[in-house]
Amino acid sequence: MSTSRLTLIALGLALCCTAAQAQTTLRDSLKYSLDNKTITERGMNREQVTNPLEAINGRVAGLTIQKSNNGVAAMSAVRLRGTTSLTGGNDPLVIIDGVLCNLSTLSSIYPADIESFKILSDATETAMYGSRGASGVIEVTTKKGTAGAARVSYNGSTGITAVYKNLDMLGADGYREACTSRGLMLIDKGYNTNWQKAIEHTGFQHDHHVAFSGGNSSNGYRVALGYIDHEGVIVHERMRNFTSNMSMHQSMFDNLLHIDVGMFGNIQKNATAVYDQQKTFYSAATWNPTYYKGRNASGGYDGFTYANQITHPLALMDSRTSDKATHMTTHAKLTFDLMPGLKLDIFGAYSHNETERSQYLPTTIWAHGQAYRGTDKAEQLMGNIVLNCDKLLATVHHINLTALASAQRDTYTGFHTTTTNFSDNTLGYNSIQAGALTLWEGTGSYKSQPTMASVMGKASYDYASRYYLTATLRADGSSKFGDNHKWGYFPSVSASWAVTGEPWMQGCASWLANLKLNVGYGWSGNQGGIDNYMSMNIMEPSAVVPVGQEAAVSMASLRNANPDLKWETRKTVNLGLEAALLENRLIATLAYYNSKTCDMLYMYDVSTPPFPYKNLLANLGSMRNRGLELSLGFTPVHTRDLELNINTNWTFQQTKLLSLSGKYGDYDIEGPAFKDIASLNGAGFHGGYNHIVYQIVGQPLGVFYLPHCTGLKSNGKGGYTYEIADLDGDHNIDISNGKDRRVCGQAIPKVLMGTNVSLRYKLLDISLQVNGAFGHKIYNGTALTYMNMNSLPGYNVLAKAPASNIMDQTATDYWLEKGDYVNFDYLTIGINVPLRETARKYVKSLRVALTCNNLATITSYSGLTPMINSSTVGSTLGLDDKNVYPLARTYTLGVQLTF
């Protein structure tokens, strides 16, 4: 390691400070309860997290959090029990202190402000949220003030992020040799530049969080402020996040009224030069390595006419993209104790989200330059009333009745404008009027205002804490649907049996502390795949047309209205078992689910006529999700000075697209037999057979549908091409859909694993998080492109490409690889520092921790990393196509102080 790198590390560590967990034994912090979907602060991940979702990554069976490698400001993809809809609405509902939110809003909460997460995935658990809970629910509870003396706590961290792995491309000497030995025209500038390293640097980060809290028996308060500042490993990449969280509770009138109010929010600023991720990393890997990495005499960058799909990498770094996201939510709750066992809750909340996006592409990378400015706003006003009756009758009969009514109105507005033809790059997007041309298609504004109303009834009964029965019925009405289907009805029923509560089980108490069986069935709805007003005929601007000597904008209805749009419905059966053995040293849960999505929303291609337009959104298809979830918590060693905890969870999942056909009125409509989802892009992949991942009825969602390569064959010129099998036996190679192609694997893992191992010795503790995914494949489109020797001299190739001498870029299953991996996510070493008696007067606790994330990955995949998009259905599903960030590792050192 270089002296400069050691200096950077030493400086980062010397700055000191990171958020850490409160002092507690690891047995308390990592022990799984039977309700193992509730994760308190002490059971969260101990790495230094920026996004709160990282705190529970790998901690709950069935919860997939695909960590994004797309820079410091990128969001993670989250799935609860997989993908259940083709059109959208697959993100779980996020509820923060009773406020209905989304995954983006969750980033407004500083991780240290979170008291607990609760993950709801069973239909019987989510049915009470109706359509909002169709893809699962993540309930977040933030910390509140408690009775006692005023307290002040500080969490701080600092660290560095450094790239440890790039693609191994030909250096300048190898590039020259490969070109000259093949008689290719070589433009040699005489330099030796590693372009991947040229756009990278060491990123620094520091986080700070301070909280003030206090209260007494009748009131409490807590105020917290946080600041996160992270630089990425790509130059000019930075994320800053300012957060605040304030809460207060008050009891009045002899505890007959309880008041809870709160406000949380953030301002996040993101800056990057990566306006086109694939083009940036494609250019850095393949740009001519003999070029000079600086500017030429005229102040610009030397071009390379042989390569029209890439740009000088440092010229790309002159682009600027800046985002500013502002979020604020305020809420209040009044709880009236009307009489013993009867409560009335009145809850209201208002949320405001605003995103400003600015981008400037200078004349060095965009002809005449281009500037963009846009703003999007979202407001939400919601309220609900809940009446709850809780009674215990004859000591063994426990009844709980709940009635709810709620209403919500969202308002979405926004505008954007794009200008081009700049004569100077100095002001960029700060002076969009400097662009001489305003693009009609680049300017627009919008407003929409959907509403929803809901009512719900829930009844629970248990007998002697052994037999439990719960039934829920919720009705949701949405303005998005047609007049005849605005309301959806979502029932559920569940039952549980606490076996160890039976008298005849008492003799087993020494080894079986708890055994419980669960069964449930429920419906949930989904409207996430519907834009507002899709059920109605609406007029939209369609084109600029001449009217006499002037121009005018024509208005037209551009889509088929469907007044019969209705709720997409998911029906789920759940079976579960919970057990605690050996004095709670071994805790296990096992859950099976089988769900079917019916009346699935999908955009169909239809005939014109009889339909006015070629596309129709309708409820015709269906798909199935089923899986098995296993969680185990084991404490093999537990003494005063030494403790070992092992917690692991496994998810076995399967998704199948059952149908895309059905009857719409008097018409039979069928979905496509083969629908491409993800395709290769870049030089040589435009208009050809570049489709890789497909949606096919009767198959898992997201399968690889490819020609079969039997090996390499000589091209008669000293090189090799891919030999393609005649799969349909017609003695003619045709790789179009339905011909010489086959299903050869799936992009979504069949098995997911999360494991945490923690060891405590006296005041020192160590925590290791390991995550894995198995049973899926990855298409290495990066290797397919960079191993193609026909790319020279316009595009550089991998260092091993000349030896293989492949002169072909046909997409076959040759580069389809196993995606299995085990990733050592982070290692944290912490110590609760012993304090002298004099120090304890001022400092209640002090903890110092050192964390290293992304330690290592065990995999057979030959690309940079197997941890690509393997969960979200989209253009990158299962595809490694020249767009993966360089692999980086972060080292952080921090401290937690409580006064």
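Residues numbered from 1 in each chain as written. Predicted model: local features only at pLDDT ≥ 70, side-chain atom pairs only at ≥ 80, totals over all residues. Heavy atoms only, no water.

Engineer: Can you walk me through the overall build of the protein chain in this structure?
Structural biologist: Assigned secondary structure in the protein chain consists of 10 helices and 44 strands. The dimensions of the protein chain, computed from C-alpha atoms along their principal axes, are 95 × 80 × 60 Å. For the protein chain, the proportion of its 899 residues judged to be buried stands at 51%. Taking the intrachain contacts of the protein chain between residues at least 6 apart in sequence as the baseline, contacts between residues at least 24 apart amount to 70%. The protein chain carries 74 positive and 72 negative side-chain charges, and their two centres are separated by 5 Å. (Helix = DSSP H or I, 4+ residues; strand = E, 2+ residues; numbered from the N terminus. Buried < 20%, exposed > 50% of the residue type's maximum accessible area, 1.4 Å probe, protein only. Contact = heavy atoms within 4.5 Å. Lys, Arg positive; Asp, Glu negative; His and termini not counted. Charge placed at Lys NZ, Arg CZ, Asp CG, Glu CD.)

Engineer: Looking at this model, I keep getting lost on empty space enclosed by the protein. Mind explaining?
Structural biologist: It is the rolling of a water-molecule-sized probe over the atoms that shows where space remains empty. A full pass over the atoms with the stated rule returns 8 cavities of 30 Å³ or more. Volume-wise, the second largest cavity comes out at about 170 Å³. Around the second largest cavity sit 18 residues that line it, and Leu167, Gln196, Phe281, Leu864 and Val884 are the ones nearest its centre. Elements with a contribution of two residues or more to the lining of the second largest cavity: helix H7 (277-286) and helix H9 (781-786). Of the residues in the lining of the second largest cavity, the class split is 11 nonpolar, 4 polar and 3 charged. (1 Å grid on protein atoms, 1.4 Å probe; cavity = no way out; pocket = protein on both sides within 12 Å on 5 of 7 lines; lining within 4 Å. Points joined across faces, edges and corners; volume = space filled by probe spheres on them. Nonpolar A, V, L, I, M, F, W, Y, C, P; charged D, E, K, R; others polar.)

Engineer: Would you explain the side chain of Ser870 in this entry?
Structural biologist: Position of Ser870 among the secondary structure elements: in the loop between strand S42 (845-859) and strand S43 (879-880). In this structure Ser870 touches Gln66, Ala747, Ile748, Pro749, His776 and Leu877, once residues within four positions along its chain are discounted.

Engineer: I'm lost on the pairing of strand S6 (residues 114-120) in this one. Help?
Structural biologist: The buried count for S6 comes to 5 of 7 residues, which makes it a mostly enclosed element. Relative to S6, strand S1 (residues 38-40) is paired through 3 bridges, and the arrangement is antiparallel. Of the residues in S6, the one forming a bridge with Thr40 is Ser116. Relative to strand S7 (residues 137-142), S6 is paired through 6 bridges, and the arrangement is antiparallel. Residue Ser116 lies in a different strand from S7, and its bridge partner there is Thr141. (Pairing = 2+ DSSP bridges.)

Engineer: How do you make sense of the pairing of strand S23 (residues 540-547) when you look at a structure like this?
Structural biologist: Across a regular strand the side chains alternate sides, sitting on one face of the sheet and then on the other. With 7 bridges connecting them, S23 and strand S24 (residues 550-556) associate as antiparallel partners. Opposite Val545, over in S24, you have Ala552 as the bridge partner. Between S23 and S24, which pair antiparallel one after the other, the connecting turn spans 2 residues, and Gly548 there sits at a positive phi close to 65°.

Engineer: Would you take a moment to explain the environment of Leu680 for this structure?
Structural biologist: Relative to the helices and strands, Leu680 is located in the loop between strand S31 (675-679) and strand S32 (691-695). The buried category is assigned to Leu680, whose relative accessible area is 2%. As a C-alpha pair, Leu680 and Ile692 span 12 residues in sequence and 7.2 Å in three-dimensional space. Residues contacting Leu680, with those up to four places away along its chain left out, are Phe685, Asn690, Ile692, Tyr779, Gly781, Leu784, Ala811, Leu879 and Asp881.

Engineer: Looking at this structure, I do not really get the sheet that holds S1. What am I missing?
Structural biologist: Strand pairing in a sheet relies on backbone hydrogen bonds, with the paired strands running either antiparallel or parallel. Reading across the sheet, the 5 strands line up as S1-S6-S7-S4-S5 and stay open at both edges, with mixed pairing between neighbours. A strand with exactly one partner marks an edge of an open sheet, and here the two such strands are S1 and strand S5 (99-101). Taking the axes of each pair of neighbouring strands and ignoring which way they run, one obtains an average angle of 20° across the sheet. (Axes fitted to C-alpha atoms, helices over the stretch in contact; angles between N-to-C directions.)

Engineer: What exactly am I supposed to notice about unusual backbone geometry here?
Structural biologist: Glycine aside, negative phi is the norm for most residues, and most peptide bonds take the trans geometry. The omega angle of the peptide bond from Thr608 to Pro609 is -5°, so this bond is cis rather than trans. In this fold, Pro609 is placed in the loop between strand S26 (586-605) and strand S27 (615-638). For the peptide bond that leads from Pro609 to Pro610, omega is 10°, which places it in the cis range. Turning to its location among the elements, Pro610 is positioned in the loop between S26 and S27. A positive phi angle, close to 65°, is found at Asn255, a residue other than glycine. Structurally, Asn255 is set in the loop between strand S11 (238-252) and strand S12 (257-272).

Engineer: Would you mind showing me how to read H7 here?
Structural biologist: At 3.6 residues per turn, the α-helix brings residues three or four places apart onto the same side. Of all 10 residues making up H7, 8 are buried, and the element is well covered by its neighbours. Among all positions of H7, only Gln278, Thr280, Phe281, Tyr282, Ser283, Ala284, Ala285 and Thr286 are buried. Against the buried residues of H7 lie helix H6 (195-198), helix H8 (313-316) and H9. Of the residues that open H7, the one with a side-chain oxygen 3.3 Å from the backbone nitrogen of Gln278 is Asp276. (Polar contact = N/O pair within 3.5 Å; in protein donor to acceptor, adjacent residues only side chain to side chain.)

Engineer: Sorry if this is basic, but what is going on with the sheet that holds S31 here?
Structural biologist: Read from one edge of the open sheet, 4 strands run S31-S32-S33-S36, paired in antiparallel fashion. Only two strands of the sheet have a single partner each, and these edge strands are S31 and strand S36 (742-746). Between one strand and the next, the sheet's axes are offset by a mean angle of 40°, whatever the strand orientation.

Engineer: What am I meant to see in the environment of Lys324 here?
Structural biologist: Along the chain, Lys324 turns up in strand S13 (residues 320-339). Once residues lying within four places of it in the same chain are set aside, the contact partners of Lys324 are Ile267, Gln268, Lys269, Glu354, Thr355 and Glu356.

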